[in-house]
Amino acid sequence: MLLSLVLHMYSMRCVLPAAVLLGTAPTYVLAWGAWRLLSAFLPSHFYQAVDDRLYCVYQSMVLFFFENYTGVQILLYGDLPKNKENIIYLANHQSTVDWIIADILAIRQNALGHVRYVLKDGLKWLPLYGCYFSQHGGIYVKRSAKFNETEMRKKLRRYMNAETPMYLVIFPEGTRYNPELTKVISASQTFAAKEGLAVLKHVLTPRIKATHVAFDSLKNYLDAIYDVTVAFEGTIDDKGQRKEAPSMAEFLCKECPKIHIHIDRIDRKDVPEEQARMRRWLHERFEIKDKLLIEFYDSLDPERRNKFPGESVNSKLSLKKTLPSLLILSGLTAGMLMTEAGRKLYVKTWVYGTLIGCLWSN
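Reading the values: rules and limits
- In every chain, residue numbers begin from 1 and rise along the written sequence.
- With pLDDT at 70 or above as the cut-off, local features in this predicted model cover only qualifying residues; side-chain atom pairs require 80 or more to be listed or tallied, and sums for whole chains, interfaces and linings still use all residues.
- Hydrogens and water molecules were not included; the side-chain quantities draw on all heavy atoms of the structure.
- Residues form patches when they are more than 30% accessible in relative terms and have no salt bridge. Like charges link within 9 Å. Nonpolar side chains (Val, Leu, Ile, Met, Phe, Trp, Tyr) link within 5 Å.
- Values of accessible area rely on a 1.4 Å probe in the Shrake-Rupley scheme; residue burial ignores everything except the protein chains shown.
- Here a salt bridge means any side-chain nitrogen of Lys or Arg lying within 4 Å of a carboxyl oxygen belonging to Asp or Glu.
- Helical segments are the DSSP runs of H or I of at least four residues, strand segments are the runs of E of at least two, and each set is numbered from the N terminus.
- Any residue with an atom within 4 Å of a point lines the site, the site being either a cavity, points on a 1 Å grid over the protein atoms alone where a 1.4 Å probe fits but cannot get out, or a pocket, an open set with protein on both sides within 12 Å along at least 5 of 7 lines.
- Grid points are joined across faces, edges and corners, and a volume is the space filled by probe spheres set on the points.
- In this count, Pro and Cys sit with the nonpolar residues alongside Ala, Val, Leu, Ile, Met, Phe, Trp and Tyr, while Asp, Glu, Lys and Arg are called charged and the others, Gly among them, polar.
- Note on aromatic pairs: the rings of Phe, Tyr and Trp (six-membered ring only in Trp) are paired at centre separations within 6.5 Å, and the planes decide the class, stacked below 30 degrees, edge-to-face beyond 60, tilted for the rest.
- To sort residues, take the accessible area from a 1.4 Å probe on protein chains only and compare it with the maximum for the residue type: under 20% means buried, over 50% means exposed, and anything in between is partly exposed.

For the protein chain, the name recorded in an unreviewed UniProt entry is 1-acylglycerol-3-phosphate O-acyltransferase 5, with Lynx canadensis as its organism.

This is how it looks when you write it as structure tokens:
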């Protein structure tokens, strides 16, 4: 009985964060919608500056749960600049937590509000969030022949011309790496071999399209590319084999004690512009990632396993950067729910906000 209670309480640890994160969504969308209307006749950079600030508030609350609440240890390797820059962020993709990793780095550069994502097209149907991510600067893309290059270039150039700060997150693999999905891994490796590229073990063969379009559109505006490699500690089974990375729910249940993040800052001028050369360059960057992950997961020396080569910095996020956002959004939401009119507005925001978002996405 006691064991069952303990297990039940353990599995419920993600309920509070999920309830707060989802529960405050209508409050956030209402605040953003009000500003969108008020700023309709103002220059676009006024709207963008406040939108970035609002986004920073919400994502700071997200990081309260994913860092402060879970107590996860963040270990940084390589060269993360202290100051914000206009960058493209390229990372390996293995978990739904990966987009949080970009936030984890951005907040340490005071650039959290400037994070924008290249997202798979299906995510545009997310209630409330799907429409908003696009309004904040996110770009939804379809794979292969359905990829809309013209639309992506148009949107990126519009942001560049408006001098919008850019922290553009791209996962070039296009889908998550899961060691249990052997058919996906095998197909990726077969494609690489067919194209004369190095076969990769712990990452999938990267796709060049979104990366090339983003870089080509922003090359005169960017400072650098951040090549980010992420490994979650606790993802090696009893047999020493890599297992699936934690989901958001598992992560919030405190099943990941440490995140290892390796950052290579690559100056804009060191990135090839022509697509064929960039494709080779991108694959070479993923070869470097693969070697780092082979060292992390497969090193024969137990002392070198579960870490990347080189010195690491244990980076703690202060509550001063996250707790105020939690209190503001939770307080506003609680205040709204305390009145009948507020509760009606809250429900209508969920319902009509979702419907309007779906119509917009059509």
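Participant: Run through a nonpolar patch on the surface, naming residues and quoting values.
Facilitator: Together, V347, V351, Y352, L355 and I356 give the surface a local cluster of nonpolar side chains, amounting to about 490 Å² of exposed area. Position of Y352 among the secondary structure elements: in helix α13 (residues 340–361).

Participant: Quick one: what's the story with empty space enclosed by the protein, residue by residue and with numbers?
Facilitator: Enumeration according to the criterion identifies three cavities of 30 Å³ or more in this entry. Reported here for the largest cavity is a volume of approximately 60 Å³. Contributing elements (two or more residues each) for the lining of the largest cavity: α3 (25–38), α4 (44–69) and α6 (129–135). When grouped by side-chain class, the residues that make up the lining of the largest cavity number seven nonpolar, one polar and no charged. Size it by volume and the second largest cavity reaches roughly 40 Å³. Looking at the second largest cavity, the residues that line it are K124, W125, L126, P127, L128, C131, G353, T354, G357 and C358. Considering only residue class, the lining of the second largest cavity consists of six nonpolar, three polar and one charged.

Participant: Describe the packing of aromatic side chains, and please don't skip the residues or the numbers.
Facilitator: Inspection of every chain in the model, using the stated rule, returns 16 aromatic pairs. Taking 5.6 Å as the distance between ring centres and 50 degrees as the angle between the ring planes, the aromatic pair formed by F296 and F308 counts as tilted. Here the residue F296 occupies a position in helix α11 (residues 275–298), and F308 occupies one in the loop between α11 and β8 (312–315), the gap between them amounting to twelve residues. A connected cluster of aromatic rings, assembled from ring pairs, spans Y28, W32, Y55, Y58, Y129, Y132 and F133.

Participant: A description of the pattern of salt bridges should follow, citing residues and the corresponding values.
Facilitator: The tally for this structure, following the rule as stated, stands at 18 salt bridges. Taking the shortest distance from any N to any O, the salt bridge between R285 and D227 comes out at 2.8 Å. Linking R285 in helix α11 with D227 in strand β6 (residues 224–232), this pair joins segments that are 58 residues apart in sequence. Note on accessibility: R285 and D227 belong to one class, buried. Linking K344 and E340 is a salt bridge whose minimum nitrogen-to-oxygen distance equals 3.6 Å. Here the residue K344 and the residue E340 both occupy positions in helix α13, the gap between them amounting to four residues, near one helical turn. Accessibility expressed as a relative area gives 48% for K344, which makes it partly exposed. Look at the salt bridges and you will find they share partners, linking E149, R153, K209, D216, K219 and E273 into a network.

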